[in-house]
Amino acid sequence: MKRISILLAAAILASCAEKEVKPWKEGYLDIHAINTGRGECMYYVFPDGTTMLVDAAGSTLKKHKYMPMAPRPDSTVSNGAAIINYIRHFQPKTAGDRVDYALISHFHADHMGDFTKHTPVHPDGGFRMGGICEVGAALFLGNIITRGDYEKVWASNTTRKENLQNFMDFVSWSENENGSDYSWFIPGVDDQIVPLKKECPLFKVRNIAASGYVWTGEGNEVRTEIPPREFLDSLGDKNAYPNENILSSVFVMSYGKFDIFSGGDIQYKAPRTPDYNYDYLNIEHPVSKVVGEVDVMKASHHCTSGTNGEEILGALKPSVVVANTWRDIQPNPETLGRIYDASPSCKVFLTNLAPKNEPVIADYIDRIASKGGHILIRVAKGGDSYTVYTLDDGGFDYRITGKWGPFKSK
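1. Some thoughts on the nonpolar core
In this structure, Ile-208, Phe-261, Val-287, Val-291 and Val-348 are the most contacted members of the largest nonpolar core, which totals 40 residues. Looking at this core, the elements that each hand over two or more residues are strand S7 (203-210), strand S8 (213-215), strand S10 (250-255), helix H8 (310-316), strand S13 (320-323), helix H9 (333-342) and strand S14 (347-350). Per-element tally for this core: the top contributor is H8, with four residues. With 39 residues, the next largest nonpolar core counts Leu-53, Ile-132, Cys-133 and Phe-167 among its residues.

2. Things to note about the environment of Ser-248
By the element assignment, Ser-248 lies in the loop between helix H6 (229-235) and S10. Along the sequence, Ser-248 and Gly-37 sit 211 residues apart, while their C-alpha atoms lie 21 Å from each other. Discounting residues that sit within four places of it in the chain, Ser-248 has contacts with Ser-105, His-106, Ala-209, Ala-210, Ser-211, Gly-263, Gly-264, Asp-265 and Ile-266. Within polar-contact distance, the side chain of Ser-248 engages the side chain of His-106 at 3.2 Å. Within the local environment of Ser-248, its side chain forms a polar contact with the backbone nitrogen of Asp-265, the two atoms lying 3.1 Å apart.

3. Observations concerning the packing of aromatic side chains
Scanning the entire structure with this criterion turns up 16 aromatic pairs. Ring geometry for Tyr-86 against Phe-90: centres 4.6 Å apart, planes inclined by 35 degrees, an arrangement best described as tilted. In this pair, Tyr-86 and Phe-90 both sit in helix H2 (residues 79-90), four residues apart, roughly one turn of the helix. Given a relative accessible area of 0%, Tyr-86 falls into the buried group. Judged by its relative accessible area of 9%, Phe-90 is buried.

4. Some points on the sheet that holds strand S12 (residues 296-298)
Across the sheet, which stays open at both edges, the eight strands sit in the order S9-S8-S7-S10-S11-S12-S13-S14 with mixed pairing between neighbours. On the outer flanks of this sheet lie strand S9 (222-223) and S14, each paired with one strand and no other. Looking at chain direction, S7 and S8 are connected through two bridges and run antiparallel. Note on S8: the bridge partner recorded for Ala-209 is Val-214.

5. Quick notes on empty space enclosed by the protein
Considering all chains together, one arrives at one cavity of 30 Å³ or more under this definition. What lines the largest cavity is simply Ile-34, Asn-35, Arg-72, Pro-73, Ala-82, Tyr-86, His-374, Asp-393, Gly-395, Phe-396 and Tyr-398. Looking at the lining of the largest cavity, its residues break down into six nonpolar, three polar and two charged.

6. Quick look at the sheet that holds strand S4 (residues 98-104)
Taken in spatial order, the nine strands make up an open sheet running S6-S5-S4-S3-S2-S1-S15-S16-S17, and their pairing is mixed. With one partner strand each, in any of the chains shown, strand S6 (181-184) and strand S17 (400-408) form the two edges of the open sheet. For this sheet, the mean inter-axis angle between neighbouring strands, taken without regard to orientation, is 15 degrees. Across the face of the sheet, helix H5 (residues 161-178) comes into contact with S4, strand S5 (140-146) and S6 while running at roughly 135 degrees to S5.

7. Focus: unusual backbone geometry
Glycine aside, the phi torsion of most residues is negative, and most peptide linkages are trans. With an omega dihedral of 5 degrees, the bond running from Arg-72 to Pro-73 counts as a cis peptide bond. The topology assignment puts Pro-73 in the loop between strand S3 (51-54) and H2. Geometrically, the link from Gly-405 to Pro-406 is a cis peptide bond, its omega value of 10 degrees lying close to zero. Its place among the elements puts Pro-406 in strand S17.

8. Focus on the pattern of salt bridges
Overall, the coordinates contain 17 salt bridges when judged by the stated rule. As a salt-bridge pair, Lys-410 and Glu-293 come within 3.7 Å of each other at their nearest N and O atoms. Of the two residues, Lys-410 is situated in the segment after S17 and Glu-293 in the loop between helix H7 (284-288) and S12; the sequence distance between them amounts to 117 residues. When its relative accessible area of 48% is taken as the criterion, Glu-293 is described as partly exposed. For Lys-356, the salt bridge identified is with Asp-328, shortest N-O distance 3.6 Å. Linking Lys-356 in the loop between S14 and strand S15 (374-379) with Asp-328 in the loop between S13 and H9, this pair joins segments that are 28 residues apart in sequence. In this structure Lys-356 comes out as exposed when scored by relative accessible area, which is 54%. Overall, Asp-328 belongs to the buried group, its relative accessible area being 9%. Through salt bridges that share partners, Arg-98, Asp-100 and Lys-197 make up one connected network.

9. Things to note about the pairing of strand S1 (residues 29-33)
A large share of S1 lies buried, amounting to five of its five residues. A two-sided burial pattern is seen for S1, the buried positions comprising Leu-29, Ile-31 and Ala-33 on one face and Asp-30 and His-32 on the other. Relative to S15, S1 runs antiparallel, the two sharing five bridges. The partner of Ile-31 across the bridge, within S15, is Ile-377. Sheet topology places S1 next to strand S2 (residues 42-45); four bridges connect them, and they run antiparallel. When the sheet's bridge partners are listed, Ile-31 is paired in S2 with Tyr-44.

Cut-offs used in this document
- Residues numbered from 1 in each chain as written.
- Predicted model: local features only at pLDDT ≥ 70, side-chain atom pairs only at ≥ 80, totals over all residues.
- Heavy atoms only, no water.
- Core = buried A, V, L, I, M, F, W, Y, C linked by side-chain atoms within 4.5 Å.
- Buried < 20%, exposed > 50% of the residue type's maximum accessible area, 1.4 Å probe, protein only.
- Helix = DSSP H or I, 4+ residues; strand = E, 2+ residues; numbered from the N terminus.
- Contact = heavy atoms within 4.5 Å.
- Polar contact = N/O pair within 3.5 Å; in protein donor to acceptor, adjacent residues only side chain to side chain.
- Phe/Tyr/Trp six-rings, centres within 6.5 Å; stacked < 30°, edge-to-face > 60°.
- Pairing = 2+ DSSP bridges.
- 1 Å grid on protein atoms, 1.4 Å probe; cavity = no way out; pocket = protein on both sides within 12 Å on 5 of 7 lines; lining within 4 Å.
- Points joined across faces, edges and corners; volume = space filled by probe spheres on them.
- Nonpolar A, V, L, I, M, F, W, Y, C, P; charged D, E, K, R; others polar.
- Axes fitted to C-alpha atoms, helices over the stretch in contact; angles between N-to-C directions.
- Salt bridge = Lys/Arg side-chain N within 4 Å of Asp/Glu carboxyl O.

Structure representation (structure tokens):
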């Protein structure tokens, strides 16, 4: 009887231990998909403790043909505050209130944030505190990186100029007040985003593409097939211009045998259109030529239509796909079909799934590993294996709701 009690107590303790994620420790690579219900936000802790935030979801969209999810954890918490609380909970103890790198993959509100007339104004900087601007007002951003020059935004995209200017007002404030460094993402290099605390020879971030320029696979060389602006202007066709999505920053992060692909919102055709008509707008094509198989793929463009095509999925063959879904048409059933065709045993993790979309993806819904919540991928020291956790997004305790793995890295 005493032995049974001891075993039962041990089982209870083990169960309790699994309710919370153990803190990051040196040697881990932690990859977080933070769910605000308003777009995309990824937070990385490198093996040495260097931290990187990629995007800071903060769309203010309320009514649309394709409706967004409810804000997480609820409507009383701003998107920026949700991100700040999450980072403070999971950041290394040595990080303090600092994020070493903040990369904005491209200039869309569901990746950088936005503002309305009700968004608070920073008392000193004069900028509206939405998305990354709110995060950067609370947490020191050491290096702010964007996909390129915000002033060279193509005529046909949907970027709101007022939001861009507000972001740049924030950048100027952060440079002057906090000493942040602002730079553009450099395609082709592997020394722009590096561990800052100590040497980590097994870890590398290879910049693949940005602003239409793609690494050739040789040295640091890049090329673009997008014609010059003057030529596009001469065509007199608004569909000839690249939209903001295909200009996204793209990278592959490697740690030992482990690799993760992140492509912002790159696509091979415009969603919900029959054809692009211009081959150079298929940015997935050149990217697929210089990437190999990965363990994890952050689904491009929220796993919607016109993206994650056969060519790039055939090159990546991911074992795990993390999809930052936030509208009622995400994920797209054809896109899910391509993922499973490329990797039949792939485990797909969604941050959200709208009830309206459940019957649309009925053919695949039983194959989806998780349909909501924050997602954490913890890569073991050295990169030989990784474990996937889903976390509750309805509050600030981030309890574990699911666990998969550990899986062997490729």
